[in-house]
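If you want the building blocks of each chain, they are given just below.
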Amino acid sequence: MLRHASKMILGQGLRFPSTRAVTVGAGTPRMYHERVVDHYSNPRNVGSFDKNDPNVGTGLVGAPACGDVMKLQIRVDEENGKIVDACFKTVGWGSAIASSSVATEWVKGKQMEEVLSIKNTEIAKHLSLPPVKLHCSMLAEDAIKAAVKDYESKRAKSNASEEAASVEKAADA
């Protein structure tokens, strides 16, 4: 049903070579860059990982004003700290879905420190988001940071429990 609706909306025609008119809200046309339309129509990396996996970090963020909710997850190789996979589930406007899709593509294959340097302005510029939709790219940046923070807190808990177990063994010996 969603694909059918998006095809009907997007079928309104091209206005410029790189933008499409999409009807939003009360029937007002808004121009979206073809990258937004592409990532909305063909989102990359949709899905989810097991949040209890110690190598998975989950970031869940939302914007109550517009109803966008974004869950972004990363899977990290514990040997080298590189993000080996990423996925998302987003409920909201097409700009939020597109921002999530771009974010998952950009974090794959990068070190944890590198992904923290991804800024919402870079995502917004890449997608040519209109000013009224900049909050969508802010959500993507926040979701990346939240996923990294979640992963790091899991690793810290895991390391603390391993240390406690080794102290117990030493005390028993």
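Keep in mind that this is a model prediction, so the values were computed, not measured.

This brings us to the confidence of the model for the chain. As a note on interpretation, predicted positions should not be read in detail where pLDDT is low. Residues with a pLDDT of 70 or more make up 75% of the chain, whose mean pLDDT is 81. Taken element by element, the chain is modelled with least confidence in strand 1 (residues 14-16), mean pLDDT 34, and with most confidence in strand 6 (residues 82-91), mean pLDDT 96. Residue range residues 1-21 is modelled with pLDDT below 50. Its contacts to residues more than four positions away, or to other chains, number 37 contacts.

Below, the discussion takes up the packing of aromatic side chains. What the rule picks out here adds up to 0 aromatic pairs. The lysine or arginine in question, Arg75, covers the ring of Phe49, its NZ or CZ lying 4.1 Å from the ring centre.

Where helix 3 (residues 94-107) meets helix 5 (residues 120-127), the closest approach of the two axes is 10 Å, and the angle between their N-to-C directions is 115 degrees. Regarding the angle of helix 3 to helix 5, the classification is roughly perpendicular. Crossing angle aside, the handedness with which helix 3 passes helix 5 is right-handed. The residues of helix 5 that touch helix 3, namely those facing Ala98, Ser99, Val102 and Trp106, are Glu122, Ile123, His126 and Leu127. In the contact of helix 3 with helix 5, the residues fall into 5 nonpolar, 2 polar and 1 charged.

Further remarks concern the sheet that holds strand 4 (residues 56-63). The 3 strands lie next to each other as 4-5-6, forming an open sheet whose pairing is antiparallel. The open sheet has two free edges, formed respectively by strand 4 and strand 6, since each of these has just one partner strand. This sheet shows a mean twist of 15 degrees between the axes of neighbouring strands, independent of strand direction. Two strands pair when backbone bridges link them, and strand 5 (residues 68-77) and strand 6 are joined in this way by 9 bridges, in the antiparallel orientation. Bridge pairing links Val69 to Val91 in strand 6. Across the sheet, helix 3 touches strand 5 and strand 6, and the angle it forms with strand 6 is around 175 degrees.

Thresholds, definitions, all that
Residues numbered from 1 in each chain as written. Predicted model: local features only at pLDDT ≥ 70, side-chain atom pairs only at ≥ 80, totals over all residues. Heavy atoms only, no water. pLDDT = per-residue confidence, 0-100. Helix = DSSP H or I, 4+ residues; strand = E, 2+ residues; numbered from the N terminus. Contact = heavy atoms within 4.5 Å. Phe/Tyr/Trp six-rings, centres within 6.5 Å; stacked < 30°, edge-to-face > 60°. Lys NZ or Arg CZ within 6 Å of the ring centre and 35° of its normal. Axes fitted to C-alpha atoms, helices over the stretch in contact; angles between N-to-C directions. Parallel < 35°, antiparallel > 145°, perpendicular 65-115°, else oblique. Left-handed = near helix turned anticlockwise from the far one by under 90°. Nonpolar A, V, L, I, M, F, W, Y, C, P; charged D, E, K, R; others polar. Pairing = 2+ DSSP bridges.

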